[in-house]
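Coordinate analysis (summary)
Listed here are the chains, written in short residue letters.
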Amino acid sequence: SLIKGLGEITTGRIENIANDRDITIIQACKVMADKANSVKISKGCNKIYDIYNNQWDYSNPAGCLKEISEQFHYDKYLSTKFEETFTERKENVAQLIISAGECNGEKDGVSKYLQQVSLVTKSDKDKKDDKMVLMSIHSAKGLEFPIVFMVGVEQDILPHKLAMADDPYEGLEE
């Protein structure tokens with residue numbers, strides 16, 4: 001795990017404390033650290049609590065993400081846990097930090113960035129039936145829709161005339 005001593009069971013207990021006491025996960029980490037029987041669990045919970053209770057510059061979301069990543073030694077975790085895909089994952093984290101930089105310099109930049117990201121995520125996951133989805137043919141390939149409108153299709157473009165040249169029946173299937 002990212003933090004020694006904090007596996008799924010401990011994480012579940014922390015969530016339960018937060019729900020039962022109507023407190024934040026960070027506050028629940030402190031409660032768990034104080035009552036834990038294990039030194040590893042106590043140290044791990046205190047680490048989370050201490051990191052998140054730093055004085056953060058909320059006008060610099062990229063700096064906040066970078067600092068959190070460094071304090072949790074996230075690169076080391078990725079390299080250990082995901083040897084084969086480490087480089088790609090490290091680049092993804094770098095891109096996340098860069099995208100957070102779009103809100104740098106704004107008051108409550110962290111909140112604005114999180115709102116922006118949650119809106120994108122919400123629209124990506126929104127599965128209501130009463131909406132229209134606009135996408136390219138390439139991105140729609142393999143998806144199933146009850147009704148499809150193809151706009152701007154011209155003869156010899158779809159299907160492409162080269163696909164039809166050799167064998168028209170096989171070209172249509174491709």
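**Some details on the overall build of the protein**
The number of helices and strands found in the protein is 10 helices and zero strands. Along the protein, helices (α) and strands (β) appear in the sequence α-α-α-α-α-α-α-α-α-α when read from the amino end. Counting every position in the protein, which comprises 174 residues, the buried fraction comes to 19%. The contacts in the protein between residues at least 6 apart in sequence include a share of 43% that link residues at least 24 apart.

**Looking at the environment of Ile68**
Mapped onto the fold, Ile68 is located in helix H4 (residues 61-71). Sequence-distant contacts of Ile68, that is, excluding residues within four places in its chain, are made with Tyr52 and Trp56.

**So, the nonpolar core**
Formed by 19 residues in total, the largest nonpolar core has its most connected members in Leu6, Ile14, Met32, Cys45, Ile48 and Phe72. Those elements that place two or more of their residues in this core are helix H1 (8-21), helix H2 (25-35), helix H3 (39-52) and H4. Broken down by element, the residue count for this core peaks at five residues, all from H2. Apart from the residues within four sequence positions on either side, Ile48 is in contact with Ile3, Leu6, Ile26, Cys29 and Phe72.

**Some thoughts on a nonpolar patch on the surface**
Among the surface-exposed residues, Ile137, Val148, Met150, Val153, Ile157 and Leu158 lie close enough to one another that they form a single nonpolar patch of about 560 Å² accessible area. Along the chain, Leu158 turns up in the loop between helix H8 (137-140) and helix H9 (161-165). For Leu158, a relative accessible area of 37% corresponds to the partly exposed category.

**Quick word on the packing of H2 against H3**
One way to put it is that H2 packs onto H3 with a least axis distance of 8 Å and a crossing angle of 150 degrees. H3 is crossed by H2, and the crossing has left-handed handedness. When H2 is examined against H3, the residues Ile26, Cys29, Lys30, Met32 and Ala33 are found in contact with a partner set consisting of Ile41, Ser42, Cys45, Asn46, Ile48, Tyr49 and Tyr52. When its residues are assigned to classes, the contact of H2 with H3 shows nine nonpolar, two polar and one charged.

**Thoughts on the packing of aromatic side chains**
Across all of its chains, the model carries three aromatic pairs by this definition. Here Tyr77 and Phe82 contribute two aromatic rings whose centre-to-centre distance is 6.3 Å and whose plane-to-plane angle is 80 degrees, an arrangement assigned as edge-to-face. Overall, the relative accessible area of 23% leaves Phe82 in the partly exposed class. Three or more aromatic residues joined by ring pairs make a cluster, and in this case those are Tyr74, Tyr77 and Phe82. Residue placement shows Arg89 over the ring face of Phe82; its charged tip is 3.6 Å from the ring centre.

**Structural notes on the packing of H4 against helix H6 (residues 86-100)**
Interaxial distance between H4 and H6 falls to 7 Å at its minimum, and their mutual angle equals 150 degrees. Taken together, the axes of H4 and H6 are roughly antiparallel relative to one another. Classified by chirality, the crossing of H6 by H4 is right-handed. Together, Pro61, Ala62, Leu65, Lys66 and Ser69 of H4 and Val93, Leu96, Ile97 and Ala100 of H6 make up the contact between the two elements.

**Things to note about the confidence of the model for the protein**
Overall, the prediction assigns the protein a mean pLDDT of 83, with 81% of residues at 70 or greater. The least confident element of the protein, judged by mean pLDDT, is helix H10 (residues 168-173) at 56; the most confident is H2 at 95.

Each value, and the rule that gives it
Residues numbered from 1 in each chain as written. Predicted model: local features only at pLDDT ≥ 70, side-chain atom pairs only at ≥ 80, totals over all residues. Heavy atoms only, no water. Helix = DSSP H or I, 4+ residues; strand = E, 2+ residues; numbered from the N terminus. Buried < 20%, exposed > 50% of the residue type's maximum accessible area, 1.4 Å probe, protein only. Contact = heavy atoms within 4.5 Å. Core = buried A, V, L, I, M, F, W, Y, C linked by side-chain atoms within 4.5 Å. Patch = residues over 30% accessible without salt bridge, like charges linked within 9 Å, V, L, I, M, F, W, Y side chains within 5 Å. Areas by Shrake-Rupley, 256 points an atom, 1.4 Å probe, with all protein chains shown as cover. Salt bridge = Lys/Arg side-chain N within 4 Å of Asp/Glu carboxyl O. Axes fitted to C-alpha atoms, helices over the stretch in contact; angles between N-to-C directions. Left-handed = near helix turned anticlockwise from the far one by under 90°. Nonpolar A, V, L, I, M, F, W, Y, C, P; charged D, E, K, R; others polar. Phe/Tyr/Trp six-rings, centres within 6.5 Å; stacked < 30°, edge-to-face > 60°. Lys NZ or Arg CZ within 6 Å of the ring centre and 35° of its normal. Parallel < 35°, antiparallel > 145°, perpendicular 65-115°, else oblique. pLDDT = per-residue confidence, 0-100.

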